[in-house]
Every structure is written in structure tokens, then in C-alpha cells.
Amino acid sequence: MSDADDEKQAHAATVRRLEQSSGKLAAAAIARMDDQLPWYRAMPPENRSWIGLVAQAGIAAFTEWFRHPDTPQAISTDVFGTAPRELTRAITLRQTVEMVRTTIEVVEAAVDELAIPGGESALRNALLVYAREIAFATAQVYAQAAEARGAWDARLESLVVNAVVSGEADESDVSRAAALGWKAPEHVTVVLGNAPNGDSELTVEAIRRAARYAKLQVLTGVLGKRLVVIAGGSDDPVQAAKALIGPFASGPVVAGPLVGDLLAATRSARAAAAGLRACAAWPDAPRPVLADDLLPERAMAGDPAARTLLVEEIYRPLQEAGSALLETLSVYLEQASSLEGAARMLFVHPNTVRYRLRRVTDVTGWPPSDVRSAFTLRIALMLGRLADEELRS
């Protein structure tokens, strides 16, 4: 009998010993895991059972691989295909490496018993090569799982962002956001602007990096040509927008008003969208700009919410504060913001006009002496008078 025949017989005998010992080796691997790995002992019985199946599959796959070492083997399918995909969520990559290492060590310790005398070196070398292959297979399984989770999370996040922007957000979207790590912050704002050209995933990742640096929670996505960011964790929408502005393309960036939760963010999104459409009417608007600072432009662009805010938050409070304030403000604005001119028209002392204008500021929050505020107040007066005329007709 030739040396080649002797090697084949020795190899076949070692394969038989491996097959006969596979159950004992798997049991020894599980026992060592139970003894040395605290995380394994703490796992639910179902997951421990799946790990046992993976260990058995690994030893069986090695046996088959040793039987036909020159034949390509789908190790990841053979070994990890026995466990459900959810196991990659329950067991970290580090824990999987520890599990594989423990199993390999058990088999390696039994090489002298498994191999036919003189075949120990061949079996040990084969185990070394197989350990390398199983390491690559482990990395591949977790990489695929991470990619799948990332793709799923991206779709889920896009659903939530789209629901908020379209005004259709409900409790199911709150649950989806929670699954994405949204921790229901007290202060929420929606920031809108132009999306840059190129890979939207890179844009989204840039927003996430900026949010981590600013300690903000975000849900974000690119919807058409718009980059949408739902930001939580800051009580200053402008500062939140400034922290996230880097990934936005050139053009206006508008922050909606603060709201209390994700469902109310639909209101912030509507205001931001209306502000973005109206920004063309204020070329010198700051970047970012508050949607509420664009109330006059939004009203002139036909935004009913802006018209209502101007009437209800400026005109009506002035009306309720007394006719003197409305009259003084109107005359002051008509007199090109001249205190003396308004005083002459009203037949009062300039100090009286000055006092009434301070009261206008206290009531509305908009100082008439500021050019931008004066424009907002003028639009509010016009809309308020039109609303009164509609009520009378």
C-alpha cells in the first residue's frame, strides 16, 4: 500500500473519530462557556439553546470541511444558519467571538484524542485554517445584520419624518421613533432647508454627527430637494438650527417654533415649510431664521396660520388694551416712525407717544422703533382691520 493510500485511510479514520465525538465536543464547549462566560449564564434558556446549536453546527461544519478541505464551503450558512437572525441582536460581536474561541479551544484540546497517531499535526493545522475562516464568517454575519438594521432603520426614520412633515403623524409614529432611540424630549423643533446634491445617506450621517456633538436628538431625512431635521433637546430653536446647519445646501434654513412633543412637531413643520416658501420675500433674512420671524412674508404668501397669528397675537391684544394704543401705533407708523410727528397728529406730548409705544412692545413683543418689527406690526394692523370688516359684513 502506498503512502498516499495510508494518508487517505488515516484521514478517513480521523474524520470518523470527529463524527463520533461531535456530540461530546459540543457538550464540552457548552460546559466551558457556562463555566467561563458570565454573559452566557445570564442569558434566557432559549438563547442558550440557540448558542448550543451554533456550537454543534460549528463542529459539524469543521468535520465536513476537514473531510473535503479542497472544496469551497459556505461556512457562514452552515454554522450561523441554524440560529434565528434575532440572535445577532441578543448576542454582541464580542460575545460571538468568545463563543467561537471557546469552541475552537475545546476541539484543539482534544486533537490528540481525535487524530490517528501521526495525524495530529494535520488536524491541528486544519483547525487553525478553519478558525480563520470562521472568524471571517462571523464578521460577515454581523456586517450583514448591521447593514440590514441600518437599511430598516433608515426606512423607519423616513416614514416618521414624512408623517411629521405631511401632518399625518400619530401614535404609531411615536412608537417607531422610540424604536429608533427617540427619547421624547420636552422641546422639539423642525428645521428645513435645501438638501445638498449627492448621496443622501452621507447627508443624514453628517446631521447625526452634528447632533451628537451638540447633544441633540434628531430624526432626519431627505425628502425630495429638502433636508428635514426634527431636533429635540434644546429650548432655543435658532441655536439648535445653527448647530445642525453644516450639512444643509446653500439657501435659507428655517426653524419652526418650539413644540412639546413629536406629534405637535407637525405644527412646527408646517410653519417651517411656510417660512421656507416665503423666504424669497426677505432676501436679507438671517440664516437660520425662525419661521415666526417670517410671519409678514408668510401672510403675504397666503399662509392662513401666519395671518391668524398676526391677528390673534398682535392686533387683538392691542385692541383689548384700549383704542389709544392702536391709534398711536397706526399714526406712528404712518408718520415714518417719527415721535414728534405722531405727537402733533395726536395732539399729545412726545413722551406720551413714547410711553404708549413701550406699552405696544409689552403687549405684542414687537418694538415699533425697530424697522423689521414695524413692518410686522403694520401687516398685523392691516390684517386685523380686514378681519374686523369681514365680521361686520
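Remember, it's a predicted structure, so these values are computed and weren't measured experimentally. In this numbering scheme, every chain counts its residues from 1 along its sequence in written order. In keeping with the predicted nature of the model, local features appear solely for residues at pLDDT of at least 70, side-chain atom pairs appear and are counted solely at 80 or more, and the whole-chain, interface and lining totals rest on all residues. Hydrogens and waters are ignored; side-chain quantities use all the structure's heavy atoms.

Q: Tell me about the overall build of the protein, and name the residues and values.
A: Under the scheme used here, helices are H or I runs from DSSP no shorter than 4 residues and strands are E runs no shorter than 2 residues, and both carry numbers assigned from the N terminus. Broken down by element type, the protein carries 18 helices and five strands. Evaluated residue by residue, the protein yields a buried proportion of 43% over its 393 residues. Here, two residues are considered to be in contact whenever any of their heavy atoms come within 4.5 Å of each other. Looking at the protein alone, contacts between residues at least 24 apart form 68% of all its contacts between residues at least 6 apart. Summing over all exposed atoms, the protein offers an accessible surface of approximately 20700 Å²; the carbon and sulfur share of this is 53%. Only protein chains enter the accessibility calculation, which uses a 1.4 Å probe. A residue is then buried if its area is under 20% of the maximum for its type, exposed if over 50%, and partly exposed in between. For the accessible areas, the method is Shrake-Rupley and the probe is 1.4 Å, while residue cover comes only from the protein chains on display.

Q: Which residues make up the packing of aromatic side chains, and what are the values?
A: Only the six-membered ring of Trp is used, alongside the rings of Phe and Tyr, when aromatic pairs are assigned; centres must lie within 6.5 Å, and planes under 30 degrees apart are stacked while those over 60 apart are edge-to-face, with the rest tilted. All chains considered together, the criterion is met by one aromatic pair. Here Trp39 and Tyr40 contribute two aromatic rings whose centre-to-centre distance is 6.3 Å and whose plane-to-plane angle is 85°, an arrangement assigned as edge-to-face. On the basis of relative accessibility, which here comes to 13%, the residue Trp39 falls in the buried class. Classification of Tyr40 as buried rests on a relative accessible area of 4%.

Q: Report on the nonpolar core, specifying residues and quantitative values.
A: Met33, Trp39, Ile51, Phe62 and Leu123 are the most contacted members of the largest nonpolar core, which totals 33 residues. When residues of this core are traced back to their parent elements, those giving at least two are helix 1 (3-36), helix 2 (38-41), helix 3 (45-67), helix 6 (93-109), helix 7 (111-114) and helix 8 (120-166). Per element, the largest residue contribution to this core is eight residues, and it comes from helix 3. Each residue touching Trp39, except ones within four places of it in the same chain, is listed here: Ile51, Ile91, Gln95, Glu98 and Met99. Remark: nonpolar core denotes a set of buried residues (Ala, Val, Leu, Ile, Met, Phe, Trp, Tyr, Cys) joined through side-chain atoms within 4.5 Å.

Q: Tell me about helix 10 (residues 200-214), residues and numbers included.
A: Multiplying 1.5 Å by the helix residue count minus one yields the expected span of that helix. Look at helix 10: 21 Å from first C-alpha to last across 15 residues, which is about the 21 Å you get at 1.5 Å a residue. Of the residues making up helix 10, those classed as buried are Thr203, Val204, Ala206, Ile207, Ala210 and Ala211. All buried residues of helix 10 project into a common sector of 160° when viewed along the axis, lining one side. Seen from the open side of helix 10, the exposed residues pointing more than 90 degrees away from its buried face are Glu201, Leu202, Arg212 and Tyr213. Where helix 10 is buried, its residues meet strand 2 (217-223), strand 3 (226-232) and helix 11 (237-244). The opening residue of helix 10 is Asp199, an N-cap whose side-chain oxygen sits 2.9 Å from the backbone nitrogen of Glu201. This arc corresponds to the set of directions leading from the helix axis out to the C-beta atoms. Pairing of N or O atoms within 3.5 Å defines a polar contact, subject to two protein rules: one partner must be a possible hydrogen donor and the other a possible acceptor, and residues neighboring in sequence count only if both atoms are side-chain atoms.

Q: Which residues make up the pairing of strand 3, and what values do they have?
A: The buried fraction of strand 3 is high, at six of seven residues. Note on pairing: DSSP must find at least two bridges between two strands before they are called paired. Here strand 1 (residues 188-194) runs beside strand 3; their pairing, made up of seven bridges, is antiparallel. What sits directly across from Val191, in strand 3, is Val229. Hairpin geometry of strand 2 and strand 3 is characterised by an intervening segment of two residues between the two adjacent antiparallel strands and by a positive phi of about 65° at Gly224.

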